[in-house]
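Chains, contacts and geometry: an overview
Now for the letters of each chain:
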Amino acid sequence: MALQLAGKTAVVTGAGSGMGKAVAQLFVSEGANVVFADINVQAAENAASVFSSDTTIAVKADVANAKSVQSLISETVEKFGTLHIIVNCAGIPQSFTQIEELEEVEWDRLMDVNTKSIFLTTKYAVPYFKKQHSGSIINVCSIAGVRARPGLNAYCASKGGAIMLTKALAIELAPYKIRVNAINPGPTETPMISQFLADESKNEDINDIFVKSMPLGALIQSEEIAQAALYLSTEAARSVTGEILNVDGGRGI
Ligand SMILES: NC(=O)c1ccc[n+]([C@@H]2O[C@H](COP(=O)([O-])OP(=O)(O)OC[C@H]3O[C@@H](n4cnc5c(N)ncnc54)[C@H](O)[C@@H]3O)[C@@H](O)[C@H]2O)c1
């Protein structure tokens, strides 16, 4: 079978770990040129190092910083000459915090990394997409953006904002054949998952805490998110835009 992303160039943020790493690696295996972007450049380099440097680069980027995102996009076009797909996977968690204990600086950082980042990557990629009259943006949001958990106030708000931004961009950019979709993972087995817990729960079994809220009874694996992102990137999804795809074991039902 032909490779599904042959001839495509993708930027994947958060590619040093968890879902972003799985997405970036699957995309390379499917024939794409991939930019592994992460604030932790060492992790991005490690994730990219199993592939040829002809088809991958690792770039240090802070998705919450406009200058950093602007140079990420221009470095991509400089290296590969094109840009077709952006997967916004970088994100940060919040550990259980009562609203009156939440510091403004933490609120701002969650909004900047989880929500403003989508504005920034889109802002700098869209001129390329408009020129070629195509493009696909995939935002890894969260089922927490539609189904709240106590104490994750700012995180839930940041993901709810990301979901609505996905829809707003999808309707705005449809005339240019630029598609914008989101994936809502449920609890997923990555280094992030234990960071959602309150300090006193840190030693509890993650399965007990998260899996019991998931009707299908198992944590999500990063590879499942990567497969969803692959589908949304390909021609098979050419009529799909503004869609929010829950990959959540039924948590959102
Ligand atoms: N793990 C879960 O249970 C879960 C559930 C729903 C949604 N999500 C979301 O999925 C996405 C991926 O999470 P994960 O579980 O793979 O986490 P992870 O912690 O394994 O990976 C996140 C990556 O993002 C990078 N990153 C953080 N801040 C950044 C910044 N400012 N600029 C660039 N890179 C930055 C980190 O260095 C890390 O490599 C996140 O947006 C997260 O909110 C996670």
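This structure is a prediction, so every number in the text was calculated from the model and none was measured.

**Concerning the environment of alanine 37**
Its location among the elements puts alanine 37 in strand E2 (residues 33-38). The buried category is assigned to alanine 37, whose relative accessible area is 1%. Linking alanine 37 and glycine 14, residues 23 residues apart in sequence, is a C-alpha distance of 6.0 Å. The residues touching alanine 37, leaving out its near neighbours within four places in the chain, are Val12, Thr13, Gly14, Ala15, Val59, Ala61 and Leu72.

**Concerning the sheet that holds E2**
As summarised here, the arrangement of the 7 strands in space is E3-E2-E1-E4-E5-E6-E7, forming an open sheet in which the pairing is parallel. Lying at the two open borders of the sheet, with one neighbouring strand each, are strand E3 (56-60) and strand E7 (244-247). Geometrically, the sheet is characterised by an average inter-axis angle of 15° between neighbouring strands, direction not taken into account. As paired elements, strand E4 (residues 85-88) and strand E5 (residues 135-140) share 4 bridges and run parallel to each other. Considered in E5, the bridge of valine 87 is made with isoleucine 138. Of the strands in this sheet, strand E1 (9-13), E4, E5 and strand E6 (178-185) are in contact with helix H4 (residues 104-132), which crosses E4 at around 175°. Contacts from helix H5 (residues 153-173) reach E5, E6 and E7 within the one sheet, and its direction differs from that of E6 by about 160°.

**Structural notes on the site of the ligand**
As a structural note, the neighbourhood of the ligand is formed by 29 residues, with Ser17, Asp38, Asp62, Tyr155 and Thr190 the closest of them. The contact in question runs from an oxygen atom of the ligand to an N or O atom on the side chain of serine 17, over 2.6 Å. Taking tyrosine 155, its side chain carries an N or O atom lying 2.7 Å from an oxygen atom of the ligand. About the coverage of the ligand: the protein hides 92% of its 840 Å² of free accessible area. Looking at the shell around the ligand, the elements with two or more residues in it are helix H1 (18-29), H4 and H5.

**Quick word on the pattern of salt bridges**
Following the criterion strictly, the structure yields 1 salt bridge and no others. Across the salt bridge formed by aspartate 62 and arginine 109, the nearest N and O atoms sit 3.6 Å from each other. On the criterion of sequence distance, the pair formed by aspartate 62 in the loop between E3 and helix H3 (66-80) and arginine 109 in helix H4 is long-range, its members being 47 residues apart. Exposure remark for arginine 109: the relative accessible area of 35% places this residue in the partly exposed category.

**A few points about the nonpolar core**
In this structure, Phe27, Val34, Phe36, Val87, Ile183 and Phe210 are the most contacted members of the largest nonpolar core, which totals 49 residues. The dominant element in this core, judged by the number of residues it contributes, is H1, at 7 residues. Valine 87 has contacts with Val11, Val12, Thr13, Val23, Phe27, Ile138 and Val140, leaving out every residue within four places of it along the chain.

**Description of the side chain of threonine 188**
Within the secondary structure, threonine 188 is located in the loop between E6 and helix H6 (206-210). Take threonine 188: its relative accessible area is 4%, and that puts it in the buried class. A distance of 2.6 Å separates a polar side-chain atom of threonine 188 from the backbone oxygen of glycine 186.

**Brief notes about H5**
Look at H5: 30 Å from first C-alpha to last across 21 residues, which is about the 30 Å you get at 1.5 Å a residue. Of all the residues in H5, the buried ones are Ala154, Tyr155, Cys156, Ser158, Lys159, Ala162, Ile163, Thr166, Leu169, Ala170 and Leu173. Of the surrounding secondary structure, the elements contacted by the buried residues of H5 are H4, E5, E6 and E7.

**Observations concerning the environment of phenylalanine 129**
Structurally, phenylalanine 129 is set in helix H4. Measuring from C-alpha to C-alpha, the distance between phenylalanine 129 and threonine 97 comes to 40 Å, with 32 residues separating the pair along the chain. Residues within four places of phenylalanine 129 in sequence aside, it is in contact with Leu83, His84, Ile85, Ile86, Ser134, Gly135, Ser136, Ile137 and Ile178.

**Let's talk about the packing of H4 against H5**
Between H4 and H5, whose axes approach to 8 Å, the crossing angle comes to 15°. The orientation of H4 with respect to H5, classified from their angle, is roughly parallel. Here the hand of the crossing between H4 and H5 comes out right-handed. In contact with Trp107, Leu110, Met111, Asn114, Thr115, Ile118, Phe119, Thr122, Val126 and Lys130 of H4, H5 contributes Ala154, Tyr155, Ala157, Ser158, Lys159, Gly161, Ala162, Leu165, Leu169 and Leu173.

Rules and cut-offs
- Starting afresh in each chain, residues are numbered from 1 along the sequence in its written order.
- Whole-chain, interface and lining totals are the exception, using all residues; otherwise, since this is a predicted model, local features are given only for residues with pLDDT of at least 70 and side-chain atom pairs are given and counted only at 80 or more.
- To obtain the side-chain values, all non-hydrogen atoms of the structure were used and water was disregarded.
- Think of it this way: any DSSP run of H or I at least four residues long counts as a helix, any run of E at least two long counts as a strand, and we number them from the N terminus.
- Relative accessibility decides the category of a residue: with a 1.4 Å probe and only protein chains considered, values under 20% of the type maximum give buried, values over 50% give exposed, and everything between is partly exposed.
- What makes two residues a contact is simply this: any of their non-hydrogen atoms within 4.5 Å.
- Paired strands, in this sense, are two strands between which DSSP finds at least two bridges.
- Axis lines are fitted through C-alpha atoms, for helices just across the contact stretch, and the angle between N-to-C directions can take any value from 0 to 180 degrees.
- Throughout, the term near means that a residue has one or more heavy atoms lying within 4 Å of the molecule or strand in question.
- Residues adjacent in sequence count toward polar contacts only when both atoms are side-chain atoms; beyond that, a polar contact is any pair of N or O atoms within 3.5 Å, and within protein one must be able to donate a hydrogen and the other to accept it.
- All accessible areas in this document rest on Shrake-Rupley with a 1.4 Å probe, and a residue is counted as covered only by the protein chains that are shown.
- Any Lys or Arg side-chain nitrogen found within 4 Å of a carboxyl oxygen on Asp or Glu counts as a salt bridge.
- Nonpolar cores are built from buried Ala, Val, Leu, Ile, Met, Phe, Trp, Tyr and Cys residues. Side-chain atoms within 4.5 Å join them into one set.
- In this scheme, a helix's expected span is set at 1.5 Å multiplied by one less than its residue total.
- Angle categories are assigned with fixed cut-offs, so that under 35 degrees is roughly parallel, over 145 is roughly antiparallel, 65 to 115 is roughly perpendicular, and the rest are oblique.
- Should the near helix be turned anticlockwise from the far one by less than a right angle, the crossing is termed left-handed; should it be turned clockwise, right-handed.

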